[in-house]
Amino acid sequence: MKITEFAGKGKRFLIREKEIAKMEWLDFTASSMEDIRAWEDVFDKPIVIKKREYTFKKRNIALLEMPRDFESYKSGKPMQAFRTNYNRGKKNGFSCRLFHGIDYFEQIMAINLSKDERAGRTMGEMYTDREKVIAFLKKEPVMFGTFTAQGELIGYLHLLFGGGMLALNKILGHGAYLEEGVMYFMLGELIRQIPDIYENGGVRYIMYGSWNGGVASAGIQYYKARCGFCGYNVRYHIGIKSD
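Residues numbered from 1 in each chain as written. Predicted model: local features only at pLDDT ≥ 70, side-chain atom pairs only at ≥ 80, totals over all residues. Heavy atoms only, no water.

Things to note about the overall build of the protein chain
Secondary structure summary: the protein chain contains 9 helices and 12 strands in total. Taking all 243 residues of the protein chain together, the buried fraction comes to 47%. In the protein chain, 72% of the contacts between residues at least 6 apart in sequence involve partners at least 24 apart. Looking at the protein chain as shown, the accessible area adds up to about 12800 Å², and 49% of this sits on carbon and sulfur atoms. (Helix = DSSP H or I, 4+ residues; strand = E, 2+ residues; numbered from the N terminus. Buried < 20%, exposed > 50% of the residue type's maximum accessible area, 1.4 Å probe, protein only. Contact = heavy atoms within 4.5 Å. Areas by Shrake-Rupley, 256 points an atom, 1.4 Å probe, with all protein chains shown as cover.)

Here it is as structure tokens:
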């Protein structure tokens, strides 16, 4: 049996391959071509529909069920670490809001280059190459970010929404602020502000990449678990024809 073992902040987790098979299955349904295009961006590959009813599956996805409100989300003993780090960011005077990425291009580059590695991997050209970053920001202009009390952008994430699933497509915090709660505060504020951003537009789950394996390093999985994410297997149903 293949076992991936990792440690985080003094705790150890044993993740077995058979546990993926036991993960609960969730179902999402596309209601428009916009949903399909969002899913294509999430998984970075085209969805070719060859018949009227089409379903594709993804195993081992990190998902968080959208809480009924922010207070219920952060309550309870399992969320103690999240509350501690979220409150640290709040005490530091951080704030979060939507913004136009191209207007903060230099600060986004500063975030991208603040650490040589993320999740145990060297930062790719999509983050380090200025022209590629500019191209992405022109294609996807609206971002969600964390700002200091002085107005400096220190964290950002890009969102994709389709078929009831809100995917965190890119999420980065400045290396100098990681111990100051920037990542926890940003995710917490996103959850708190979702009803306003999407006007209660049917966000059922928040997706944050894979749960075990893939690009999910020990530190990232530990962070996801602290923020309430769990592993699921997912079926994506499409009942409309693609262009």
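Some remarks on the packing of aromatic side chains
Counting across every chain of the model gives 18 aromatic pairs. A centroid spacing of 6.1 Å and a plane angle of 70° characterise the contact between Phe-94 and Tyr-177, whose relative ring orientation is edge-to-face. Taken together, the residues span a long stretch of sequence, with Phe-94 in the loop between helix H4 (80–91) and strand E5 (95–100) and Tyr-177 in the loop between strand E10 (165–173) and helix H8 (182–197) at a distance of 83 residues. Of the residues examined, Tyr-177 reaches a relative accessible area of 23% and is grouped as partly exposed. Through a chain of ring-to-ring contacts, three or more aromatic side chains come together here, namely Phe-70, Tyr-73, Phe-82, Tyr-86, Phe-94, Tyr-177, Tyr-184, Phe-185, Tyr-208, Tyr-223 and Phe-229. In this arrangement the basic side chain of Arg-97 is found over the ring face of Phe-147, its NZ or CZ atom lying 4.1 Å from the centre. (Phe/Tyr/Trp six-rings, centres within 6.5 Å; stacked < 30°, edge-to-face > 60°. Lys NZ or Arg CZ within 6 Å of the ring centre and 35° of its normal.)

Here's the deal with the environment of Leu-168
Position of Leu-168 relative to the elements: it lies in strand E10. A C-alpha to C-alpha distance of 7.5 Å links Leu-168 and Gly-209, two positions 41 residues apart in sequence. The contacts of Leu-168, once residues within four sequence positions are left out, are Leu-157, His-158, Leu-159, Leu-187, Leu-190, Ile-206, Met-207 and Tyr-208.

Examining the side chain of Glu-140
As for its position among the elements, Glu-140 is in the loop between helix H7 (130–139) and strand E8 (142–147). In contact with Glu-140, other than residues within four places in its own chain, are Asp-41 and His-158.

What about the sheet that holds strand E4 (residues 54–65)?
Ordered in space as E3-E12-E4-E11-E10-E9-E8-E5, the 8 strands form an open sheet in which the pairing is mixed. Since the sheet does not close on itself, it has two edges, and those belong to strand E3 (25–30) and E5, each with one partner. Direction aside, the axes of adjacent strands within the sheet are offset by 40° on average. Sheet topology places E5 next to E8; 6 bridges connect them, and they run antiparallel. Looking at the pairing, His-100 lines up with Val-142 of E8. (Pairing = 2+ DSSP bridges. Axes fitted to C-alpha atoms, helices over the stretch in contact; angles between N-to-C directions.)

Considering the pairing of E10
With 8 of 9 residues buried, E10 is to be regarded as a mostly interior element. By the bridge criterion, 8 bridges tie strand E9 (residues 153–162) to E10 in an arrangement that is antiparallel. Across the sheet, His-158 pairs through a bridge with Lys-170, a residue of E10. Linkage of E9 to E10, two consecutive antiparallel strands, is achieved through a turn of 2 residues, within which Gly-163 is found at a positive phi near 60°.

A short note on helix H5 (residues 105–112)
When we look at burial in H5, the residues that qualify are Phe-105, Ile-108, Met-109, Ile-111 and Asn-112. One side of H5 carries all its buried residues, which in axial view fall inside an arc of 155°. Elements in contact with the buried residues of H5: E5, strand E6 (117–118), helix H6 (125–128), H7, E9 and E10. (Arc of directions from axis to C-beta.)

Regarding the packing of H4 against H8
In a pair of packed helices, the angle between the axes and the distance between the axes together describe the arrangement. Contact geometry for H4 and H8: axes closest at 8 Å, N-to-C directions at 95°. In terms of axis orientation, H4 runs roughly perpendicular to H8. Contacts between H4 and H8 involve Phe-82, Asn-85, Tyr-86, Gly-89 and Lys-90 from the first element and Tyr-184, Phe-185, Gly-188, Glu-189 and Arg-192 from the second. The class makeup of the residues in the contact of H4 with H8 is 4 nonpolar, 3 polar and 3 charged. (Parallel < 35°, antiparallel > 145°, perpendicular 65-115°, else oblique. Nonpolar A, V, L, I, M, F, W, Y, C, P; charged D, E, K, R; others polar.)

Here's the deal with unusual backbone geometry
Unlike most non-glycine residues, Asn-60 shows phi in positive territory, near 70°. Structurally, Asn-60 can be placed in strand E4. For Asn-60, a relative accessible area of 9% corresponds to the buried category.

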